[in-house]
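# Topology and contacts: notes
The lines below spell out each chain.
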Amino acid sequence: VRLPRGETSVRISNNESDFYSIIDIVSTDRPGFLFQVTRTLADAGIDIVMSRASTRAHRVRDSFYVTDGGEKLLDESRLQEIREQLLGSIRALEA
């Protein structure tokens with residue numbers, strides 16, 4: 001995913017893994033970014049089973065393999081809620 005500098009993308013997929021939902025985040029790197037994202041997921045009751053974090057040229061590309069109560073995130077309203085919470089917490093870092 002190529003985004004203009006400063007834009008953030010949060011994508012949640014259930015098609016790439018049989019056991020986990022995968023949350024992919026692409027954004028501008030800033031202090032506290034990874035902490036903010038993982039805290040938001042923890043506060044929402046999401047379990048992070050595995051993660052991959054990379055930074056290149058001040059852009060982060062982080063992937064989180066997650067479950068909600070041991071299951072994939074399948075409820076559309078829950079998916080949207082998590083996505084909005086993540087976007088909100090990332091935007092709060094910009095303030």
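Attention in this report is confined to the structure presented alongside it. Just so it is clear, the structure is predicted and the values come from calculations on it, not from any experiment. (Residues numbered from 1 in each chain as written. Predicted model: local features only at pLDDT ≥ 70, side-chain atom pairs only at ≥ 80, totals over all residues. Heavy atoms only, no water.)

## Section: the overall build of the protein chain
- The number of helices and strands found in the protein chain is two helices and four strands.
- Helices and strands appear in the protein chain in the N-to-C order β-β-α-β-β-α.
- Relative to the globule expectation of 12 Å for 95 residues, the C-alpha radius of gyration of the protein chain, 13 Å, shows essentially globular dimensions.
- Viewed in the frame of its principal axes, the protein chain has a C-alpha envelope of about 35 × 25 × 20 Å.
- Taken over 95 residues, the protein chain has a buried fraction of 39%.
- Within the protein chain, contacts between residues separated by at least 24 positions form 58% of all contacts whose residues are at least 6 apart in sequence. (Helix = DSSP H or I, 4+ residues; strand = E, 2+ residues; numbered from the N terminus. Rg over C-alpha atoms; globule rule 2.2 N^0.38 Å. Buried < 20%, exposed > 50% of the residue type's maximum accessible area, 1.4 Å probe, protein only. Contact = heavy atoms within 4.5 Å.)

## Concerning the packing of helix H1 (residues 33–43) against helix H2 (residues 76–94)
- H2 packs onto H1 with a crossing angle of 150° between their chain directions and a minimal axis gap of 9 Å. The pairing of H1 with H2 is recorded here as roughly antiparallel in orientation. Handedness of the crossing formed by H1 with H2: right-handed. Contacts between H1 and H2 pair Phe33, Gln36, Val37, Thr40 and Leu41 from the former with Ile82, Gln85, Leu86, Ser89, Ile90 and Leu93 from the latter.
- Of the residues assigned to the contact of H1 with H2, the class counts are seven nonpolar, four polar and no charged. (Axes fitted to C-alpha atoms, helices over the stretch in contact; angles between N-to-C directions. Parallel < 35°, antiparallel > 145°, perpendicular 65-115°, else oblique. Left-handed = near helix turned anticlockwise from the far one by under 90°. Nonpolar A, V, L, I, M, F, W, Y, C, P; charged D, E, K, R; others polar.)

## Focus: the nonpolar core
- Within the largest apolar cluster, 17 residues are counted, with the highest numbers of intra-cluster contacts made by Ile23, Ile25, Val37, Leu41 and Leu86.
- For this core, the elements supplying multiple residues, two or more each, are strand E2 (21–28), H1, strand E4 (59–68) and H2.
- By residue number, the principal contributor to this core is H2, which donates five residues.
- Contacts of Leu86, omitting those with residues within four sequence positions, involve Val10, Ile23, Ile25, Val37, Thr40 and Leu41. (Core = buried A, V, L, I, M, F, W, Y, C linked by side-chain atoms within 4.5 Å.)

All quantities given are derived from atomic positions and should not be read as evidence of function.
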